[in-house]
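# Per-entry structural report
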Amino acid sequence: MSAEAVALEELLQARAYSYTLFHKLLGAAPDGAMMDALLGSATAELVDAYAEEDETMRGFGRFLGRLAARDDRAALVDAARDEYTRLFVGPGALPALPWEAPYRTKEPTVFQENTLAVRAAYRACGWEPKRVQRVPDDHVALMCAFLAWRAVRACDLLRTGDAAALAAELRDELAFVRAHLQSWLPAFAVAVRRSKTAVLYPQLIEALAAFAAVDATFLAEAAFWAEGRDAPLDAALDASAPDAPLTAALAHLEALRPLRIDDYELVPVGLECSRDRA
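Predicted model only: the values in this text are computed from it and were never measured.

The helix and strand tally for the protein stands at 12 helices and two strands. Across the protein, helices and strands are ordered from the amino to the carboxyl terminus as α-α-α-α-α-α-α-β-α-α-α-α-α-β. A globule of 278 residues ought to have a C-alpha radius of gyration of about 19 Å, and the protein, at 18 Å, matches this closely. Going through the 278 residues of the protein one by one, you find that 51% of them count as buried. Contacts in the protein between residues far apart in sequence, at least 24 positions, make up 78% of those at least 6 positions apart. Carbon and sulfur atoms make up 54% of the accessible area of the protein, which totals about 12200 Å². Of the side-chain charges in the protein, 29 are positive and 41 negative, and the distance between the mean point of each set is 7 Å.

Right, dumping it as structure tokens:
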């Protein structure tokens, strides 16, 4: 694989790891294993890499460093779980709604027209929420799960050497990020800051909003690169070494099952995009 393709593969894996991390943390209350992943070396290295381009990500990296230095990890997990429950579950009124539609229409209801547009995007790739009709398709955790899967799909297309398919995939991901993340995540982050605590989630959601903006720039540049390549991509057929650090970190993260994460997972409904990560 060419040096440019290798660098792109690493960035695509970094996207898959990042969106998987956001999915698991926003789709379920964190447990000790998830906190260890968040505060581990793989996450720190990725955040540092993105921090080169964004001040919010730099601040998030410093924040994670302070959390990692604490010697009361169990107490931190308990406080983060309490914060997650208050922000995402209730029983009281949520200080910030974690799905897209209300930020677009200013109507605090679920399953609006925009929700169905997100559902259509999932189904175009053969996916739907495991709890379809019971959880909003435009929940932030589900959208992160979708983009994590698509980042892996883009990596697979790079490895096959299909420049045209890779470019089309990246352009489609870019359209989704612009339409369904950048359109509301900054407002969501501001609303979450009204929470009475800032143990983890206000900072995490601010980081996701910043990451989505950086990701949109990356996707546009990567798609432009792929569109300028000859097809097939030269020598782009070899898979990553199975013991590559980021590959192993992603596999470990994908295997984590925080309690009730299945409420915010996608399952296949067709064969259009046949990689099953549910």
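And the narrative resumes.
Right, let's get into a negative patch on the surface. Taken together, the side chains of Glu45, Asp48, Glu52, Glu53 and Glu221 define an acidic patch exposed on the protein surface. Within the secondary structure layout, glutamate 52 lies in the loop between α3 (41-51) and α4 (55-69).

This paragraph deals with the environment of leucine 250. Here leucine 250 is to be found in helix α12 (residues 245-255). By relative accessible area, leucine 250 is classed as buried at 8%. Spatially, the C-alpha atom of leucine 250 lies 8.6 Å from that of alanine 14, the residues being 236 residues apart in sequence. With near-sequence residues (within four places) excluded, leucine 250 lies in contact with Ala16, Tyr17, Thr20 and Val152.

Mapped onto the elements, arginine 86 comes out in helix α5 (residues 73-89). The sequence separation of arginine 86 and leucine 158 amounts to 72 residues, and the corresponding C-alpha distance is 41 Å. Setting aside its immediate chain neighbours within four residues, arginine 86 contacts Leu94, Pro95, Ser195, Lys196 and Thr197. Side chain to side chain, arginine 86 and serine 195 meet in a polar contact 3.3 Å long.

Under the defined criterion, the tally for this structure stands at 21 salt bridges. The closest approach of N and O atoms between glutamate 9 and arginine 159, which form a salt bridge, is 2.7 Å. Here glutamate 9, found in helix α1 (residues 3-27), pairs with arginine 159, found in helix α8 (residues 140-160); they are 150 residues apart in sequence, far enough to count as distant. On the basis of relative accessible area, glutamate 9 is assigned to the buried category, the value being 7%.

As a further point, take the nonpolar core. In terms of nonpolar packing, the biggest core is built from 96 residues, with Leu26, Leu166 and Phe188 touching the most fellow members. No other element matches helix α11 (residues 201-227), which puts 17 residues into this core. Once residues within four sequence positions are removed from consideration, leucine 166 is found in contact with Leu8, Ala154, Leu157, Leu158, Trp225, Ala226 and Leu233.

In this section: unusual backbone geometry. Residue proline 91 is bonded to the preceding glycine 90 through a cis peptide linkage, with omega at 25°. Its location among the elements puts proline 91 in the loop between α5 and α6 (101-105). The phi dihedral of lysine 106 falls on the positive side, at around 70°, and the residue is not glycine. By secondary structure assignment, the location of lysine 106 is in the loop between α6 and α7 (113-124). Even without a glycine there, the phi angle at arginine 260 is positive, about 70°. Assignment of secondary structure puts arginine 260 in the loop between α12 and β2 (266-268).

With that settled, consider the packing of aromatic side chains. Per the stated rule, a full pass over the model turns up 14 aromatic pairs. On the numbers, 6.1 Å between centres and 65° between planes, the contact of tyrosine 103 with phenylalanine 188 is edge-to-face. Linking tyrosine 103 in helix α6 with phenylalanine 188 in helix α10 (residues 185-192), this pair joins segments that are 85 residues apart in sequence. You'll find tyrosine 103 and phenylalanine 188 in the same group, each marked buried. Members of the aromatic cluster, each reached through a chain of ring pairs, are Tyr19, Phe22, Tyr50 and Phe211.

With that settled, consider the state of the cysteines. For the structure on display, the rule yields zero disulfides. Cysteine 144 takes part in no disulfide bond, and the closest cysteine sulfur, belonging to cysteine 125, lies 16 Å away.

Reading guide: rules and limits
- Residues numbered from 1 in each chain as written.
- Predicted model: local features only at pLDDT ≥ 70, side-chain atom pairs only at ≥ 80, totals over all residues.
- Heavy atoms only, no water.
- Helix = DSSP H or I, 4+ residues; strand = E, 2+ residues; numbered from the N terminus.
- Rg over C-alpha atoms; globule rule 2.2 N^0.38 Å.
- Buried < 20%, exposed > 50% of the residue type's maximum accessible area, 1.4 Å probe, protein only.
- Contact = heavy atoms within 4.5 Å.
- Areas by Shrake-Rupley, 256 points an atom, 1.4 Å probe, with all protein chains shown as cover.
- Lys, Arg positive; Asp, Glu negative; His and termini not counted.
- Charge placed at Lys NZ, Arg CZ, Asp CG, Glu CD.
- Patch = residues over 30% accessible without salt bridge, like charges linked within 9 Å, V, L, I, M, F, W, Y side chains within 5 Å.
- Salt bridge = Lys/Arg side-chain N within 4 Å of Asp/Glu carboxyl O.
- Polar contact = N/O pair within 3.5 Å; in protein donor to acceptor, adjacent residues only side chain to side chain.
- Core = buried A, V, L, I, M, F, W, Y, C linked by side-chain atoms within 4.5 Å.
- Phe/Tyr/Trp six-rings, centres within 6.5 Å; stacked < 30°, edge-to-face > 60°.
- Disulfide = S-S within 2.5 Å.

Spatial relationships are all this shows, so hold off on functional conclusions.
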